[in-house]
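Here are the chains, one letter per residue:
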Amino acid sequence: MKTFEHGGQIEKFAFDLGCSVSEIIDLSSNINFVKPQINIDFNTLDISSYPTYDKLYEKIAFNYGVESSQIELFNGGSSAIFTLFRHLALETCTIYSPAYLEYKKAALNFGYELNTINRFENINENVKENSLVIFVNPSTPDGKYYDLEELMKFWIKKSCTILIDESFLDFCDKPSAIKYLETYDKLYILKSMTKFYSSAGIRVGTIVSTKENIKKLKEFEPMWKLSQFDSHYLQAALEDKLFKSISKAINIKNKIELENILKNSTLVEEIFESSANYVLVKLKNLSAKEFIELLKPYKIMVRDCSNFDYLNSSHVRIAVKSSNANETLQKALNEIC
């Protein structure tokens, strides 16, 4: 498995099985399976002029309870990560791992001295002063939410620049790190709306920080980064006022179903605590690759997590999807046993 490979490569999986994409149950992708109601006709969009983003900024800022001057938008979360690494130009980076693999890639690409901390075993390990600290909350690929109060005090004491990735926070009712912006100005928060709003093809990632930090960040950014389609889709998604509560409720219900299925399977050794829309599993007497092969006749994809730091070949991530998907997985697990 490639070092920075991700889940959700459904086209290749379908091609290898000789079936259509629509037949695949993709439990490898952590994109929300519940979709917002979009009331927009894209055929009526005027794409002959350059886009403006004022309304989009206002709606996203309102969604997160901040001012428009406190956010900057990027062509997806990964673009935001790479831009921030380049903009900060610090010497040292510490990633609380396992974590989203693009952080490690960005650190290596921009010449940072890279350190990782095993948050499963030693979350209170020391970090260098003035370094860039990366923490994903809820975490990936396990989905655990952490109370960061004590860690924030420690990082602030060390004068660290802090990036908190809250790409999956919308799936739970836990507090955001945005509150710390009132007292600490070397803090950046990543919001990847494409996960919760089921729009990976719409590339909009958001960095939230102080007005001064955002102003500096904007100085080096191009004028037009998002298309009219990106902007209008996300604005329309944010207009669906019931989506947040409905989506959370369905995902929580289906995650409980999924966890119960996994608890009753003799193939599973451990299920990790999760507040997100996916579950990390340690397999019993099976490697991830073997498990993936056993699921192929059922046209089910799961995520091999062996390329994450501090995980091994027995770890897989299984995303929360529909009840029908859960039933198919349960049937497969029962028959594999």
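Preceding block: the structure.
Keep in mind that this is a model prediction, so the values were computed, not measured.

Asker: Is there a simple way to explain the sheet that holds strand S5 (residues 132-136) in this structure?
Answerer: Overall, mixed pairing links the seven strands, which are arranged S2-S8-S7-S6-S5-S3-S4 in an open sheet. With partners counted over all chains shown, the strands left at the sheet margins are strand S2 (71-74) and strand S4 (113-118), one partner each. In this sheet, neighbouring strand axes are inclined to one another by 20° on average, regardless of whether the strands run parallel or antiparallel. Relative to S5, strand S3 (residues 92-97) runs parallel, the two sharing three bridges. Looking across to S5, one finds that Cys-93 is bridged to Leu-132. Each of S2, strand S7 (187-192) and strand S8 (205-208) is contacted by helix H2 (residues 54-64), which is oriented at about 120° to S2, the strand it contacts most. Lying on the sheet, helix H5 (residues 149-157) is in contact with S3, S5, strand S6 (161-165) and S7; it crosses S6 at an angle near 150°.

Asker: Explain the packing of H2 against helix H8 (residues 228-238) here, please?
Answerer: How two helices sit against one another is set out by the angle between their axes and by the gap between those axes. Orientation of H2 relative to H8, taken along the N-to-C sense of each, is 40°, at an axis distance of 10 Å. Here H8 runs oblique to H2, going by the angle between their axes. Like other packed secondary-structure pairs, H2 and H8 cross with a definite hand, here left-handed. Only Ser-231, Leu-234, Gln-235 and Leu-238 of H8 make contact with H2, whose side of the interface consists of Lys-55, Leu-56, Lys-59, Ile-60 and Asn-63. Grouping the constituent residues of the contact of H2 with H8 by class yields four nonpolar, three polar and two charged.

Asker: Explanation requested: a nonpolar patch on the surface in the structure shown.
Answerer: Together, Tyr-50, Met-223 and Trp-224 line one region of the surface with nonpolar side chains, adding up to about 410 Å² of accessible area. The topology assignment puts Met-223 in the loop between helix H7 (211-218) and H8. Look at Met-223 and you get exposed, because its relative accessible area is 63%.

Parameters and conventions
- Residues numbered from 1 in each chain as written.
- Predicted model: local features only at pLDDT ≥ 70, side-chain atom pairs only at ≥ 80, totals over all residues.
- Heavy atoms only, no water.
- Pairing = 2+ DSSP bridges.
- Helix = DSSP H or I, 4+ residues; strand = E, 2+ residues; numbered from the N terminus.
- Axes fitted to C-alpha atoms, helices over the stretch in contact; angles between N-to-C directions.
- Contact = heavy atoms within 4.5 Å.
- Parallel < 35°, antiparallel > 145°, perpendicular 65-115°, else oblique.
- Left-handed = near helix turned anticlockwise from the far one by under 90°.
- Nonpolar A, V, L, I, M, F, W, Y, C, P; charged D, E, K, R; others polar.
- Patch = residues over 30% accessible without salt bridge, like charges linked within 9 Å, V, L, I, M, F, W, Y side chains within 5 Å.
- Areas by Shrake-Rupley, 256 points an atom, 1.4 Å probe, with all protein chains shown as cover.
- Salt bridge = Lys/Arg side-chain N within 4 Å of Asp/Glu carboxyl O.
- Buried < 20%, exposed > 50% of the residue type's maximum accessible area, 1.4 Å probe, protein only.

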